[in-house]
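Results of the structural survey
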Amino acid sequence: MATTIKIDVVSAEESIFSGEATFIVAPAIMGEVGIYPRHTPMLTSIKPGALRITVADSDEEQLIFVSGGILEVQPGLVTVLADTAIRGHDLDEAKALEAKRIAEETLKSNASEVNYALAQTELAEAIAQLQAISKLRKKVH
Amino acid sequence: MAGSKEIRTKIKSVENTRKITKAMEMVAASKMRKAQDRMRAARPYAEKIRNVAAHMSHAEPEYKHPFLIKRSDVKNVGVIVITSDKGLCGGLNTNVLRISVNQMQEWSKSNLGVKVCTIGNKGSSFMSRVNADVKSSLVGLGDAPHIDKLIGPVKIMLDAYVAGEIDQLYIAYNRFINTMKQEPILEQLLPLSGEKLGAPQGQWDYIYEPDAQPIIDDLMVRYIESLIYQAVAENMASEQSARMVAMKAASDNAKTVINDLKLVYNKARQAAITKEISEIVGGAAAVSG
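Quick summary incoming for the structure in this document.

The rules behind these values
- Residues numbered from 1 in each chain as written.
- Chains lettered and ligands numbered in written order.
- Predicted model: local features only at pLDDT ≥ 70, side-chain atom pairs only at ≥ 80, totals over all residues.
- Heavy atoms only, no water.
- Helix = DSSP H or I, 4+ residues; strand = E, 2+ residues; numbered from the N terminus.
- Rg over C-alpha atoms; globule rule 2.2 N^0.38 Å.
- Buried < 20%, exposed > 50% of the residue type's maximum accessible area, 1.4 Å probe, protein only.
- Contact = heavy atoms within 4.5 Å.
- Areas by Shrake-Rupley, 256 points an atom, 1.4 Å probe, with all protein chains shown as cover.
- Lys, Arg positive; Asp, Glu negative; His and termini not counted.
- Charge placed at Lys NZ, Arg CZ, Asp CG, Glu CD.
- Salt bridge = Lys/Arg side-chain N within 4 Å of Asp/Glu carboxyl O.
- Polar contact = N/O pair within 3.5 Å; in protein donor to acceptor, adjacent residues only side chain to side chain.
- Axes fitted to C-alpha atoms, helices over the stretch in contact; angles between N-to-C directions.
- Parallel < 35°, antiparallel > 145°, perpendicular 65-115°, else oblique.
- Left-handed = near helix turned anticlockwise from the far one by under 90°.
- Buried area = accessible area lost by both parts, 1.4 Å probe.
- Pairing = 2+ DSSP bridges.
- Core = buried A, V, L, I, M, F, W, Y, C linked by side-chain atoms within 4.5 Å.

Section: the overall build of chain B
Scanning chain B for helices and strands turns up 7 helices and 6 strands. Going from N to C terminus, chain B has its helices and strands arranged as α-α-β-α-β-α-β-α-β-β-α-β-α. Computed over its C-alpha atoms, the radius of gyration of chain B comes to 29 Å, more than 25% above the 19 Å expected for a compact globule of 289 residues. Once the C-alpha set of chain B is aligned to its principal axes, its extents read approximately 115 × 40 × 25 Å. Expressed as a percentage of the 289 residues in chain B, the buried residues total 43%. Considering only contacts within chain B whose residues lie at least 6 apart along the sequence, 78% involve residues at least 24 apart. In the structure as shown, chain B presents an accessible area of about 14,600 Å², 54% of it carried by carbon and sulfur atoms. In chain B, which carries 39 positive and 31 negative side-chain charges, the distance between the mean positions of the two groups comes to 12 Å.

Here it is, written out as C-alpha cells:
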C-alpha cells in the first residue's frame, strides 16, 4: 500500500521541487487543502501562499512559496503548476494595456491605473510571503 | 616610406575590431550555455500542463474551450513574431522576419486580415517599417525571459482570438537545433489541434474546485503562454549561438585582413630599405669613382 505520494512543483521557468511526500498542504482558492496519499483526483486553482510538504523518510517539512497556479491531484501524484508571476484580472489587463501602449508608441500612459493594480498584487505577495515566514518561525521555535 | 603610416593605422583599427568581436564571441558563448539551460528547464512545465490539458479536454465534453474549436470560416489571422532585441547575430532575425513576411503576403493575397504581435526590438521596428497592423509588442526582454513580461502582449492576441477578431494564431521564431544550426519556423498555435494535446490515460474525472470552467480557462491560457515562453527561450538560445558563430567568423576574418595588411606593410618597408641602400651604394660609388 502506498504511504507516500509523489509531488512535482514546476513553474514555467524551472522545476522547483520533486520528491515523495507523506502529507501536503496547499493554499487552494477555496481554502487550504490537506492531501494524503491516495487522495481522489482533484483539480483546483491555488492562490499566493505557502505550500507545505512533509517529505517522506524524514520529519522535515518543506515550505515553498507559490504566487498562485493550478493544483492537480491524482491518487499517487500531485502536480503543482506554479505561476512565477502574481496573476490577477486587473494585473493581466494592465500588462496587456502596457503592451498595447508600446505598440502604439504613445508616450504617456494612464499610469495611475497600472500602478494601482501593481501595488495591489505586490501587497498580496508580501502578505503571503509574511505568512510563509511566520509559519517557518513557529516551526523553528 | 610612402603609405606605411596609413597601413599601420589600418592594422591598428582592424586589431581593435577584432578585440571587440572576440570579446563578444566569448560573452555569447557563456550566455548561450545559460540560455540553453533555461530552455531545458521550461520543458517539464509544458509537459505537465499538456498532460492535464489533454485529460481535461476529454473529461469535460460539455464545455469546449474556444481555443479547441476550429473555425470553418477564417477571415483574420494573428501572428506572434519573436526576434532578438539586439543585432550582430548573423541572419537570425532576417530569416524569421522573411518567413513571416512571405506568409503575411500570402495571407493578404487571399484577402485575410493580418494582425501582428512582436516580441523583441528587431521585429518591432521592422514590422512598423513595413506598416503591419501591430496590435501589441514587447521590447527589452533582457537575457532571461520572464513569463511575467509575456502575459500582456500575449493576452491581447488571446483576447482577440476569443472575441473573434482573429480566427487563427501563428507563432514565428527560431527553433534551436544545435549551436551551429537554428531553423526559422512558423507554427500554428490556435486553434489547438487535438493530436497535439494527445489522448488521456484512463477514464476518470476530477473533482473541480470551485468549478470546471474557470479552471479550464486558466489552464488553457497558461498552456498557450508556456508554449510561447518555450518559443522565446528557444529563440534566445538561438540568438546567443548565432551571435557566437557570427562573432567567431568576424574574428577569423579580421585575422585574415590583419595578416594581409602586415604582408603589404612589410613589403613596403622592405622596398624602402632596399631603395635607401641602393641610393647609398650609388652615392658612394659616385664619390669614390
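The rest of the description comes next.
Description of the side chain of B:E234
Residue and element names in this part refer to chain B. Along the polypeptide, E234 turns up in helix α7 (residues 212-288). Salt bridges are absent for the buried E234, whose nearest opposite-charge side chain, R43, sits at 4.2 Å. At a separation of 3.0 Å, a polar atom in the side chain of E234 contacts the main-chain amide nitrogen of F176.

Notes on the pattern of salt bridges
Inspection of the entire model under this criterion finds 14 salt bridges over all chains. Close ionic contact of A:D8 with B:K48 constitutes a salt bridge, the shortest N to O distance being 3.1 Å. A residue pair is termed interchain when its members come from two chains, as with A:D8 in strand β1 (residues 5-11) and B:K48 in helix α2 (residues 43-59). The class for A:D8 is buried, based on a relative accessible area of 8%. In this structure, the salt-bridge partner of B:R222 is B:D218, at a minimum N-O distance of 3.8 Å. Here B:R222 and its partner B:D218 are both found in helix α7, 4 residues apart, which amounts to about one turn of the helix. Taking relative accessible area as the criterion, B:D218 reaches 31% and is therefore assigned partly exposed. Put simply, A:K6, A:D8 and B:K48 are held in one network by salt bridges that share partners.

A word on the packing of helix α3 (residues 92-109) of chain B against helix α4 (residues 121-129) of chain B
In a packed pair of helices, the relevant descriptors are the angle between the two axes and the axis-to-axis distance. Residue and element names in this part refer to chain B. Running from amino to carboxyl end, α3 crosses α4 at an angle of 40 degrees, the nearest separation of the two axes being 11 Å. Between α3 and α4, the angle falls in the class oblique. In the packing of α3 onto α4, the handedness of the crossing is right-handed. Where α3 approaches α4, its residues N93, L97, S100, V101 and M104 are matched on the opposing element by K122, G123, F126 and M127.

Some remarks on the interface of chain B and chain A
Every contact between the two is made by 36 residues of chain B and, on the other side, 35 residues of chain A. For the pair chain B and chain A, the summed buried area comes to about 3,100 Å², and 65% of that belongs to carbon and sulfur atoms. At the junction of chain B and chain A, the tally comes to 2 salt bridges. In this structure, the connection of chain B to chain A is made through 6 residue pairs in polar contact (both at pLDDT 80 or more). Of all the secondary-structure elements, those providing two or more residues to the side of chain B that touches chain A are α2, β3 (134-138), α5 (147-162), β6 (207-209) and α7 of chain B.

Points about the pairing of β1(A)
All names here are of chain A. Counted residue by residue, β1 has 6 buried out of 7 residues, so it is predominantly covered. The sheet contact formed by β1 and strand β6 (residues 77-82) spans 6 bridges and is parallel. Pairing of I7 across the sheet is with V78, part of β6.

A closer look at the environment of B:T83
Residue and element names in this part refer to chain B. Within the secondary structure layout, T83 lies in the loop between β1 (76-82) and α3. For T83 and A272, which are 189 residues apart along the polypeptide, the C-alpha to C-alpha distance reads 53 Å. Leaving out residues up to four positions away in the same chain, T83 has contacts with N93, V96, L97, I119, G120, N121, K122, G123 and N235. A polar contact of 2.8 Å, which involves the side chain of T83, links it to the backbone nitrogen of G123.

Let's talk about the nonpolar core
Core analysis: the biggest nonpolar cluster contains 48 residues, and B:I80, B:I119, B:L190 and B:I228 have the highest contact counts within it. Elements represented by at least two residues in this core include exactly α2, β1, β2 (113-119), α5, β4 (168-178), β5 (181-190) and α7 of chain B. With 12 residues, α7(B) is the single largest residue contributor to this core. Setting aside its immediate chain neighbours within four residues, B:I119 contacts B:I80, B:V81, B:I82, B:T83, B:L138, B:L141, B:L150, B:I228 and B:V232. Of all hydrophobic cores here, the second largest spans 22 residues; its members include A:V9, A:L51, A:V73 and A:A82.

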